[in-house]
Every structure is written in C-alpha cells, then in structure tokens.
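As a plain string of letters, each chain reads:
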Amino acid sequence: MRAASAAAALAPAVSFPRHRRRRGAPPVAARASDNLGLTLEAPGWSGGYGTGGRVWLSSDVLIEFLRENDDVVRDASVVELGSGTGAVGIAAAALGARSVILSDGGSDSLVRLAKDNASRNVASGAIDGANTTIDVAAYRWNDAAPPAEMLAAAPFDVILGSDCTYSVSSHGALCDAVKALLALSGGGDGGEASESENDDDGGGGRCRVILGHQHRTLPAFLAGRGFAVNGWGRDPHLDMFVKTARERGLVANEIQTTKLRWHGLLNVTLLELTIA
C-alpha cells in the first residue's frame, strides 16, 4: 500500500481522525475532523483488542503536532511503536511519509485491526497508494530483535509512539526497542551520531523519536506512586520513564505539554528521545 503527500490540501484547523465502532462495541467518542480524511475503527476493549483498540488523547495531541510540523514526517521512513488502531502512523502517511510501519505487540485481532484501518484509508484515497507504502508488523518490545518487516524497512527517519509510557513495567523494554531501531538507523550502540546529525534543526539525517505521554495523576496515586513533585497535573510515571530512559542510555527532552481540561488534570506531554 502507498500514501500521498496531502499536506497542501489540508485546512489550517486542527484535525483528528473519525472513529467508527464495530457492531456490539462500546461507543467511542468521535473527534470531529475531516481535514485528513481518515476513517478509523476504534472498537475499544471488545473483541480481544485490549487498550490498543481505543484512540487515546496522546494520539490526538501527537497527530496535531505532526500536522503543525508536517516536515517531520514528509518524505520520511516512519515506524510507529504500540500502534494500536494505527491512528498516528496512518496520519503520518496522509501527511506525506514515504513509508510507514505500524507495529504492536498485542493480540492478533489488534494487529489485524491496524491492517484493516490502513487498507481502508488507502482504498478511500485518504492515503495515496502511489506515493507511500504502509505495512503492519507484530512487534513485542522484549523480543530479541525487531521483526523481519522492520529489518527490511530500516533505516528509519522517525520513530513515533503514543500512550506507550503508561505502564511502568514496560518502560525498560520500550527504551530497549527504541535503541534497537536507532541502531538500525545509524545511531545507538553502533556508533555516535555526527555533529550535523545532532543539530536541532532536524538536518543531517538524524532519526527522530517522538512519544506522547498522557498524564494519569489519579491512577498513579491509587497505584501507590503518589503525585509528581514537578507540578500540578503531572503524574510520576513520566518522571519514572525519563529516569529509566537515562539508565538505558537515552535522553528524554520535553517538547510540549498540552492542557486538555481547565483543571489541569488531563495533560499530554510530547517527548523527544535521543542517544545520551
């Protein structure tokens, strides 16, 4: 499958994908936006999809970021980790990525859901199959090596992930997966990036890693982890991930934090990871 550079045709307003639910699935709140022309099935927990069957708010914020900074993915080789429905990777394809791999370590049903969503948006013309390939791979972060589909598609220009950091127990495996993909893309343990590759202007062929983290202050407190010490509306899971990333040889820099409710208890932070 291939996807078009539709950036020139996009309206300036922020746009999120439309979501459809399968028969018998719980309702999914629709984000009103047709600007990308995407249609996603997001059936939630039903049918064995688990948490990946829903489009979370961190995906919305990351999609908005990519729309406002479409040069990040335009003509790039992109891989999405923990893709779930595939919302972020499919949006990257619609914004002109050269190739996209959606990857998730969930159930076969979830991987199939991502494939169906990708195929649906190619068939509808939201993604132009003449310009961008989009594939799906099953990838569990604690596997010994990335799957064959990823090895064949490497090197990557951009690694994306949304709501991959909510589970503290998976932080180490996620960081290891990021480092493995960076190594395939010319960074990581295979050698240091050149000075030009570390420039903040995105030049020099540097592989960018951008993750969306949704703060869940109440669940974190109920889990016995207390509240973050760095401010209202910030959960300790983010700080724990940053610490784990540092221990695994990565630096996590905050790009932005988006406040989604007036009370400040529903926030999403975007992180960029680099090799320490």
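Data block above holds the structure.
Summary of the structure given here. Throughout, residues of each chain are indexed from 1 in the direction in which the sequence is written. This being a predicted model, a pLDDT of at least 70 is required before a residue's local features are given, and a value of 80 or more before pairs of side-chain atoms are given or counted; all residues contribute to the totals for chains, interfaces and linings. Excluding hydrogens and water, the side-chain figures rest on all heavy atoms present in the structure.

Helix and strand labels come from DSSP, where a helix needs a run of H or I of at least four residues and a strand needs a run of E of at least two; each type is numbered from the N terminus. For the chain, the helix and strand inventory stands at seven helices and nine strands. Per-residue burial over the chain gives 51% buried out of 276 residues. Computed with the Shrake-Rupley method and a 1.4 Å probe, the accessible areas treat only the protein chains shown as cover for residues. As presented, the chain carries roughly 12200 Å² of accessible surface, and 51% of it is formed by carbon and sulfur atoms. Burial classification: accessible surface area is computed with a 1.4 Å probe over protein chains only, and a residue below 20% of its type maximum counts as buried, one above 50% as exposed, and the rest as partly exposed.

The axes of two packed helices give the description: the angle between them and the distance between them. To get an axis, a line is fitted to the C-alpha atoms, and for a helix only the part in contact is used. The angle between two axes follows their N-to-C directions and goes from 0 to 180 degrees. It is the contact of helix H1 (residues 57–68) with helix H2 (residues 87–94), at a shortest axis distance of 9 Å, that shows an interaxial angle of 15°. Taken together, the axes of H1 and H2 lie roughly parallel to each other. At the point where H1 passes H2, the crossing takes the right-handed sense. Taken together, the residues of H2 that come into contact with H1 (itself represented by Ser 59, Leu 62, Ile 63 and Leu 66) are Ala 87, Val 88 and Ala 91. Looking at the contact of H1 with H2 residue by residue, the classes come out as six nonpolar, one polar and no charged. Oblique is the label for every angle not falling under 35 degrees (roughly parallel), over 145 degrees (roughly antiparallel), or within 65 to 115 degrees (roughly perpendicular). Here a crossing is called left-handed whenever its near helix is offset anticlockwise from the far helix by less than a right angle, and right-handed whenever the offset is clockwise. Any two residues whose heavy atoms approach within 4.5 Å at even a single point are treated as in contact. For this scheme, ten residues count as nonpolar: Ala, Val, Leu, Ile, Met, Phe, Trp, Tyr, Cys and Pro. Four count as charged, namely Asp, Glu, Lys and Arg, and the remainder, Gly too, count as polar.

To continue, consider helix H7 (residues 236–247). Any helix carries an expected span of 1.5 Å times its number of residues minus one. In this model, H7 (twelve residues) spans 17 Å end to end at C-alpha, consistent with the 16 Å of a helix rising 1.5 Å per residue. Turning to H7, its buried residues number three or more, namely Pro 236, His 237, Leu 238, Phe 241, Val 242, Thr 244 and Ala 245. Under this definition, polar contacts are N or O atom pairs within 3.5 Å; protein pairs additionally need one hydrogen-donor-capable and one acceptor-capable atom, and for neighbouring residues in sequence, both atoms have to be side-chain atoms. The backbone nitrogen of His 237 has a side-chain oxygen 3.2 Å away, supplied by the residue at the start of H7, namely Asp 235. Gly 249 occupies a position one or two residues after H7 and carries a positive phi of about 90°.

Moving on to the pairing of strand S9 (residues 267–275). For S9, the buried fraction is high: seven of the nine residues fall into the buried class. As paired strands, strand S7 (residues 208–214) and S9 are joined by six bridges and run antiparallel to one another. By the bridge assignment for S9, Val 209 is matched with Leu 273. Criterion used throughout: strands pair if DSSP finds at least two bridges between them.

Turning next to the environment of Val 268. Residue placement: Val 268 occurs in strand S9. Looking at Val 268, the relative accessible area reads 0%, which means it is buried. Here the alpha-carbon distance between Val 268 and Asp 163, two residues 105 residues apart in the chain, equals 9.3 Å. Setting aside residues no more than four positions away along its own chain, Val 268 makes contact with Leu 57, Ser 58, Val 61, His 213, Gln 214, His 215, Gln 256, Thr 257, Thr 258 and Leu 260.

Only buried Ala, Val, Leu, Ile, Met, Phe, Trp, Tyr and Cys residues count toward a nonpolar core, and they belong to the same one when joined by side-chain atoms within 4.5 Å. Leu 62, Leu 66, Val 78, Ile 90, Leu 102, Ile 134 and Leu 160 are the most contacted members of the largest nonpolar core, which totals 39 residues. Those elements that place two or more of their residues in this core are H1, H2, strand S4 (99–104), helix H3 (108–123), strand S5 (133–138), strand S6 (158–162) and S9. For this core, the element with the most residues is H2, which contributes seven residues. Sequence-distant contacts of Leu 62, defined by excluding residues within four places in its chain, comprise Val 88, Leu 160, Gly 161, Ser 162, Ile 210 and Leu 270. Of all hydrophobic cores here, the second largest spans 28 residues; its members include Met 150, Leu 174, Ala 245 and Leu 273.

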